[in-house]
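Below, each chain spelled out in residue letters.
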Amino acid sequence: MYYSNIFFLYSIIGYLFESIIYLFNEGESGILYGPWTPVYGIGVVILYLVFSFMKKRNCTKNQILVGEFFTGFFVLSFLEWIGGHLLEYFFHVVFWNYEGLPFHVGKYISLETAFVWSILSVLCIKFLKDPLDKLIKKIPKFVTFVLFFLFILDCFFTGLHKLKLSIFFFPFL
């Protein structure tokens, strides 16, 4: 339940983060209808797993922060690359394109954003992990199951609608 709650909490935080950004820029946060952007939840679950792995290996705080920095830089950038390609392939949408940045590596990765993910990764572990862990551990299992059910429904209906399959199964959508 712990990692499921991390996924949901940070997916919602990611949605809010992007929604604030898009108040000042053109665009929207994610492809799902619900208030979550799963790539943030997946990314933070990976960060927490790396943190847990390094802590079990008795790494120092500085070693952990360096590990999180490089996890943010490489792993989260790779996750962003995969997500961009999957969205484009399945849904024929491009939510971001870094080709206008000086240090882009294709359409979905740039050194500038990789550095931002690195800094956010360190800040997440250093400042957010402990206070949000207290909240995460208090979330009842029932709430997690409800969120899981709503998330699966959202993925299902988003997939039907965006892939133009809803006309066959649910013509009212």
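Predicted model only: the values in this text are computed from it and were never measured. (Residues numbered from 1 in each chain as written. Predicted model: local features only at pLDDT ≥ 70, side-chain atom pairs only at ≥ 80, totals over all residues. Heavy atoms only, no water.)

(A) Structural view of the packing of helix 2 (residues 38-56) against helix 4 (residues 111-136). Remark: helix 2 packs on helix 4, axes separated minimally by 11 Å, with the N-to-C direction vectors making an angle of 75 degrees. Relative to helix 4, helix 2 is oriented roughly perpendicular. Here Tyr-40, Val-44, Leu-47, Tyr-48 and Phe-51 of helix 2 come into contact with helix 4, specifically with Trp-117, Ser-121, Cys-124, Ile-125, Lys-129 and Asp-133. Grouping the constituent residues of the contact of helix 2 with helix 4 by class yields eight nonpolar, one polar and two charged. (Axes fitted to C-alpha atoms, helices over the stretch in contact; angles between N-to-C directions. Helix = DSSP H or I, 4+ residues; strand = E, 2+ residues; numbered from the N terminus. Parallel < 35°, antiparallel > 145°, perpendicular 65-115°, else oblique. Contact = heavy atoms within 4.5 Å. Nonpolar A, V, L, I, M, F, W, Y, C, P; charged D, E, K, R; others polar.)

(B) Region of the structure containing helix 2. For helix 2, which comprises 19 residues, the first-to-last C-alpha distance of 27 Å matches the rise-based estimate of 27 Å (1.5 Å per residue) to within 8%. If you check which residues of helix 2 are buried, you get Tyr-40, Gly-41, Gly-43, Val-44, Val-45, Leu-47, Tyr-48, Phe-51 and Met-54. The elements touched by buried residues of helix 2 are helix 1 (2-24), helix 3 (61-91) and helix 4. Positive phi shows up at Asn-58, right after helix 2, with a value of about 55 degrees. (Expected span 1.5 Å × (residues − 1). Buried < 20%, exposed > 50% of the residue type's maximum accessible area, 1.4 Å probe, protein only.)

(C) Broad picture of the environment of Phe-7. Secondary-structure assignment places Phe-7 in helix 1. For the pair Phe-7 and Phe-142, spaced 135 residues apart in the sequence, the C-alpha separation amounts to 16 Å. Excluding its chain neighbours within four sequence positions, the residues that come into contact with Phe-7 are Pro-38, Gly-41, Ile-42, Val-45 and Phe-151.

(D) Summary view of the packing of helix 1 against helix 5 (residues 141-162). Relative to each other, helix 1 and helix 5 sit at 55 degrees, their axes nearing to 10 Å. Taken together, the axis directions place helix 1 and helix 5 in an arrangement best described as oblique. Crossing handedness for the pair helix 1 and helix 5: left-handed. In this structure, helix 1 contributes Ser-4, Asn-5, Phe-7 and Phe-8 to the contact, and helix 5 contributes Thr-144, Leu-147, Phe-148 and Phe-151. Tallied by class, residues from the contact of helix 1 with helix 5 come to five nonpolar, three polar and no charged. (Left-handed = near helix turned anticlockwise from the far one by under 90°.)

(E) Broad picture of unusual backbone geometry. The phi angle at Asn-58 is positive, at roughly 55 degrees, despite the residue not being glycine. Checked against the element boundaries, Asn-58 lands in the loop between helix 2 and helix 3. Unlike most non-glycine residues, His-92 shows phi in positive territory, near 55 degrees. Take His-92: it is sitting in the loop between helix 3 and helix 4. You can call His-92 exposed: its relative accessible area is 66%.

(F) Representation of the packing of aromatic side chains. Tallied over the full model, the rule gives 18 aromatic pairs. Look at Tyr-2 and Tyr-48: their rings are 6.3 Å apart centre to centre, the planes differ by 45 degrees, and that puts the pair in the tilted class. One end of the pair, Tyr-2, is in helix 1; the other, Tyr-48, is in helix 2, and 46 residues separate them in sequence. On the basis of relative accessibility, which here comes to 24%, the residue Tyr-2 falls in the partly exposed class. With a centroid separation of 6.1 Å and 45 degrees between ring planes, the pair formed by Phe-8 and Trp-36 is classed as tilted. With Phe-8 in helix 1 and Trp-36 in the loop between helix 1 and helix 2, the pair connects residues that are 28 residues apart, well separated along the chain. Comparing Phe-8 with Trp-36 shows no difference in burial state: the two are buried. An aromatic cluster is built from Phe-69, Phe-70, Phe-73, Phe-74 and Phe-115, whose rings are joined through pairwise contacts. (Phe/Tyr/Trp six-rings, centres within 6.5 Å; stacked < 30°, edge-to-face > 60°.)

Without other data, these values stay purely geometric and don't point to any function.
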